[in-house]
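Here is how the chains run, residue by residue.
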Amino acid sequence: MQRKNKLLNLRLVITCAVLIISTVAVLSKLIFLNISDGVFLQAEGKKRYIKYRETKAVRGGIYDRNNFPLAISIVNYDLYALSGLNADDFQGLKNKIQISDKYKTKNEFLKKTLLKKNITASDYSIIKNLKLNRIEIEVRHSRHYPLGEQISPLIGFYGKDGPQEGMEKSYNYLLSGFDGKEKLYKNAKQEIISKPIEVLKETQGKDITLTIDSTIQFFAYKYLAEGIESNNAKSGSVIVLDNASGEILAIASYPSYNPNDPMRVIQKNRALVDAYEFGSAMKPITISAAIENNILDKNEFLDTPQRFILNNKVITDPKNYKELKPNEIIAYSSQVGASKIALMLGYDSLKNNYLNFGFTKPISINFPSSSYGYMNFKDNISDRELAALGYGYGFEVSPFQLATAYSVFANAGIYKDFILLKDANVSHRKVISKKSADFIIDSLSDVVEFGTGKLAIVKGFNVGGKTSTVHKVSSLGYKSDSYRASFVGIAPLQRDSLTILVSIEDPNLNTYSGGAVAAPVFSKIAENALNYLGY
Amino acid sequence: MILKKEVATSTICLKKKTMNSINKNNYLIIFPFIFLVLLGLVMISSASIFLAEEQTLDPFYYISRQLLFVSVGLVSMSIFLIIPSSFLLKTDWLLVLISILLLIALFVPNVGSSVNGSIRWIRLGSVGIQPSEICKFSLIIYISGYCFRRASELYSFRNFLKPLTLLSVISLLIMSQPDLGSTAIICLVVVAILFYAGISFFQFSLLSLLIMLLGVAAISTSPMRIARVMAFRDPFDSEIVFGSGYQLANSLISIGQGGWTGLGLGNSFQKNFFLPEAHTDFIFAILVEELGVIGGIILIAAYMILFFGILKVAIDCLNFGRVFQGLVCFGTMILFASQSLFNIAVNIGLLPTKGLTLPFISYGGTSIIIMMSLVAIVLRINNENKLV
């Protein structure tokens, strides 16, 4: 009995020991799990039941100077059926709101399906009241461009792949805002089981206001398009600048596209992206330097024979002007006269003058792929090349750069960095004296009065400007049958004027000169714009 | 006279000491028992709420049923508190017979009800009876009775073989449901009772080895069991995390999420269908997720107090020479301890996934009624000790 009791006690001890060891093992594993794997396990859990959803920031609008919308975002609500929506719930939904019959035969939804796009506010509240589980209303922002093709090459568009082209792209950092983030809890069936919890508040995009006047933009686009079509031309651009304020009133480019059309084909902005030789339009700039540097007196006559031979190349005028004063050289656009003045100026003065007028430098507005223009700086330059530089060949500028340069004459010799954003600062610097500028303005007036730009005349206003007709360049050199006709002018010739540039590419070969093709377009735009602005 | 008085005093003293011990045992059993049952009800209502709503549209489906089961359990407890333990000794063969018949009945078509490929329930209207749970109960009674009757002859091969034959038959029946977990528990309980009743260490070792070999064989012949053992090694392996490792991975996530203090009662994420069997086999994981490691430790502490109380009753009985009653209490303790530790070990990834419930906590009618009845029997035996 004694032995048995001892044995029993031993067995009891063994049993208790096993029990205690097992318990300690369980307890230590439980605590160990928590200490060593807690972080990993919690992360695994969050992976399973937390879902993050973006809350879209509303993209800022783009407005013209009078707050007319050029690009606006509209919030739309789309109705989706989630996978697992059963026939009864769907029928209940269909009884309350109109849904396309496409899904009539569906018994159950196996994947997320769009039921209805752009539901109305009343539909929205009906659906919310139904409190269905497998229904989701998604917020979608759509972008609208009220002016459509009139201004699309400037504004660009915001498409599926984000901002494309234009202001939409260059000012995306302001317009886009920042998407917010919200946290949702879901169960193993991927159903949302909580109200959204805001993790990051979205920052709505900022509106931007442009200096563009949509009415003037309309005139610019309308008469440009008409001018191009009536001349069977291919493309062109118009720029309207407000000289006094340093603001851009219109930038039109043709051909254009409808940014509201999902099938749109992008067209570049020819006023800002292209750069080409402007030819005769550079003569007033060259002559302004000669006047400014006192190399040439404004009443001095220059010999201008019809043929002028430089380095075995003949420079010709349409007729023998015999002798011309500087203003007449501009008015008749004498190649020979401009060449001689360029030779008088010399390479350095001519080049520095162009640089002063802003050529080959970045333009003042932020636009994707905007052109700097191009000039081939050389140490040694032949007289012939120097002469060509003087009458606007051998270097490229963008239409916007040329229009800015012409505004110097209207602004009494002050160069302004034109702005496109309403409240931006206009920086400016003196380029030539008021005297020289006024002389050029008078000469530009002569161009319209008796020179090459008679068709630019505007009823009721004194206007001035310069024509330019250049051969387009191909890889083989200048094309004999392809022209670019331009007219850049100031209207009216007084303080507070507009600089208007019209450039038309490939007009038909019967009338292809700047005076014949671009000047009438200038005239129409100037007349309408000046009347609209109340001059 | 003086001697007589002294004897009387010492008898009274002894009696008083015994009475104190018995009352203490009562407290050690009743308080943790009530705590565990109440905690179980709370945890079932929390863990089953979404599943119940999903399955029956009534979020309180499982908890209301469990309340019913606990009520039946209370009735059953009252009955066993009234029945003298000697009556159990007389009818132990009947209990085993009923258990075996019920186990066999499972294989009768339209009687056994199959869940997840296992036939474990006999459906009676809206309630199901789980014969393997009843088996646990009746085997404890029967083996204890057998050991009591053959106490001095257990060393003999024949008397040793008899209970083993019974165990083999029952094990075979339960294994063919299949239910390896319950089989393991039943074997463990029976072997423990035999061990405590006095089989030789040699017999014990032989028996343990045999059962272990059979266990290994059972695991290695079933692809699902092999997969579970593999999954147990790294449930987050990308190949099995949504397969055989799914339950364990989600159970571990629950426990990890709970941290020390838990997410708060009712705040478990994993019960949103991530953790299968959240209200039954994996209720411990939900408990830790909501009440933290500290909650888990308190639960284990409550179990320990209960086991200690039952074990004290067993020792008291043996001291009073009530071998049958002592072995019944011991067996009950082993059943509670092994099943709770097994279940928790599975929940925390210490053992491969097995379908075992957590005593008093998990949802399940047969289980709670049987467990409550066993507690009643232990209480009855404890209080019978007063009369000895």
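The text that follows walks through the structure, step by step, so that each part is easy to find. In this text the structure is predicted, and so the values were computed from the model without any measurement.

## Overview of the packing of aromatic side chains
One pair of aromatic rings is described through two measures. These are the centre distance and the angle between the planes.
Next, step 1: Applying the stated criterion across every chain, the model contains 35 aromatic pairs over all chains.
Next, step 2: Geometrically, the ring pair formed by Tyr49(A) and Phe269(B) is stacked, given 3.8 Å between the ring centres and 10° between the ring planes. A residue pair is termed interchain when its members come from two chains, as with Tyr49(A) in helix H2 (residues 38–49) and Phe269(B) in the loop between helix H9 (246–258) and helix H10 (283–319).
Next, step 3: Overall, the relative accessible area of 4% leaves Tyr49(A) in the buried class.
Next, step 4: Since its relative accessible area comes to 17%, Phe269(B) is described here as buried.
Next, step 5: Grouping aromatic residues by their ring pairs yields a cluster made of Tyr49(A), Tyr185(A), Phe269(B) and Phe274(B).
Next, step 6: Stacked on the ring of Tyr52(A), the Lys or Arg Lys181(A) has its end atom at 4.6 Å from the ring centre.
Next, step 7: When the ring centre of Tyr276(A) is taken as reference, the NZ or CZ atom of Arg484(A) above it lies at 3.5 Å.

## Here we look at the interface of chain B and chain A
Next, step 1: Facing the 43 residues of chain B at the interface are 35 residues of chain A.
Next, step 2: With both chains or domains summed, chain B and chain A bury close to 3400 Å², and 76% of this area falls on carbon and sulfur atoms.
Next, step 3: Interface area lost by chain B to chain A is led by Tyr196(B), Phe269(B) and Phe274(B), which between them contribute 15%.
Next, step 4: With a closest N to O distance of 2.3 Å, Lys189(A) and Glu54(B) form a salt bridge.
Next, step 5: At the junction of chain B with chain A, the criterion picks out six residue pairs in polar contact (both at pLDDT 80 or more).
Next, step 6: Mapped by element, the contributors of at least two residues to the side of chain B that touches chain A are helix H6 (180–197), H9, H10 and helix H11 (323–347) of chain B.
Next, step 7: Top element by residues in the side of chain B that touches chain A is H10(B). It accounts for eight residues.

## Considerations on the sheet that holds strand S11 (residues 235–242) of chain A
Residues and elements named next belong to chain A.
Next, step 1: Taken together, five strands build an open sheet; the order of strands is S12-S11-S23-S22-S21 and the sheet is antiparallel. This sheet does not close on itself; its edge strands, each paired only once, are strand S12 (247–254) and strand S21 (464–474). Direction aside, neighbouring strands of the sheet carry axes that sit 10° apart on average.
Next, step 2: Sheet topology places S11 next to strand S23 (residues 498–505); eight bridges connect them, and they run antiparallel. Of the residues in S23, the one forming a bridge with Asp 242 is Leu 498.
Next, step 3: Strand contacts of helix H16 (residues 514–533): S11, S12, S21, strand S22 (477–491) and S23, with the helix running at about 25° to S22, the strand carrying the most contacts.

## As for the side chain of Asn382(B)
All names here are of chain B.
Next, step 1: Tracing the chain through its elements places Asn 382 in helix H12 (residues 365–384).
Next, step 2: At 2.8 Å, the side chain of Asn 382 and the side chain of Asn 26 are in polar contact.
Next, step 3: Those residues in contact with Asn 382 that sit more than four places away from it in its chain are Ile 22, Asn 25, Asn 26 and Val 313.

## So, unusual backbone geometry
Next, step 1: Residue Pro255(A) is reached from Tyr254(A) by a cis peptide bond, and omega for that bond is 0°.
Next, step 2: The residue Pro255(A) is located in the loop between S12 and helix H9 (283–292) in this model.
Next, step 3: Here the amide bond leading from Gln177(B) into Pro178(B) is cis, since omega sits at 0°, within 30 degrees of zero.
Next, step 4: Positive phi outside glycine occurs at Asn118(A), with the angle close to 50°.
Next, step 5: For Asn118(A), the location among the structural elements is in the loop between strand S4 (113–116) and helix H4 (121–130).

## What to know about the pattern of salt bridges
Residue and element names in this part refer to chain A.
Next, step 1: If you walk through the whole model with that rule in mind, you get 27 salt bridges over all chains.
Next, step 2: One salt bridge connects Asp 438 with Lys 434, and the closest N-O pair in it is separated by 2.8 Å. Taken together, the positions of Asp 438 and Lys 434, both in helix H15 (residues 434–449) and four residues apart, correspond to about one turn of that helix.
Next, step 3: Assessed through its relative accessible area of 30%, Asp 438 is described here as partly exposed.
Next, step 4: Lys 434 gets classed as partly exposed once you look at its relative accessible area, which sits at 48%.
Next, step 5: A single network of salt bridges, built from pairs that share partners, joins Lys 234, Lys 472, Arg 484, Glu 505 and Asp 506.

## Some points on the nonpolar core
Next, step 1: Residues Leu194(B), Leu299(B), Met333(B), Phe336(B), Phe360(B) and Ile361(B) are the most contacted members of the largest nonpolar core, which totals 121 residues.
Next, step 2: With sequence-adjacent residues up to four places away left out, Met333(B) is seen in contact with Leu19(A), Phe307(B), Ile310(B) and Leu311(B).
Next, step 3: Within the second largest apolar cluster, 76 residues are counted, among which are Leu296(A), Ile363(A), Val397(A) and Phe418(A).

## Thoughts on empty space enclosed by the protein
Residue and element names in this part refer to chain A.
Next, step 1: For the structure on display, the rule yields three cavities of 30 Å³ or more.
Next, step 2: Empty space within the largest cavity amounts to approximately 50 Å³.
Next, step 3: For the largest cavity, the full set of lining residues is Gly 358, Lys 361, Pro 362, Ile 363, Ser 364, Phe 400, Gln 401, Thr 404, Tyr 415, Lys 416, Asp 417 and Phe 418.
Next, step 4: Secondary structure elements with two or more residues in the lining of the largest cavity: helix H14 (399–410) and strand S19 (414–416).
Next, step 5: Its residues placed into classes, the lining of the largest cavity shows five nonpolar, four polar and three charged.

Cut-offs applied
- Residues numbered from 1 in each chain as written.
- Chains lettered and ligands numbered in written order.
- Predicted model: local features only at pLDDT ≥ 70, side-chain atom pairs only at ≥ 80, totals over all residues.
- Heavy atoms only, no water.
- Phe/Tyr/Trp six-rings, centres within 6.5 Å; stacked < 30°, edge-to-face > 60°.
- Helix = DSSP H or I, 4+ residues; strand = E, 2+ residues; numbered from the N terminus.
- Buried < 20%, exposed > 50% of the residue type's maximum accessible area, 1.4 Å probe, protein only.
- Lys NZ or Arg CZ within 6 Å of the ring centre and 35° of its normal.
- Contact = heavy atoms within 4.5 Å.
- Buried area = accessible area lost by both parts, 1.4 Å probe.
- Salt bridge = Lys/Arg side-chain N within 4 Å of Asp/Glu carboxyl O.
- Polar contact = N/O pair within 3.5 Å; in protein donor to acceptor, adjacent residues only side chain to side chain.
- Pairing = 2+ DSSP bridges.
- Axes fitted to C-alpha atoms, helices over the stretch in contact; angles between N-to-C directions.
- Core = buried A, V, L, I, M, F, W, Y, C linked by side-chain atoms within 4.5 Å.
- 1 Å grid on protein atoms, 1.4 Å probe; cavity = no way out; pocket = protein on both sides within 12 Å on 5 of 7 lines; lining within 4 Å.
- Points joined across faces, edges and corners; volume = space filled by probe spheres on them.
- Nonpolar A, V, L, I, M, F, W, Y, C, P; charged D, E, K, R; others polar.

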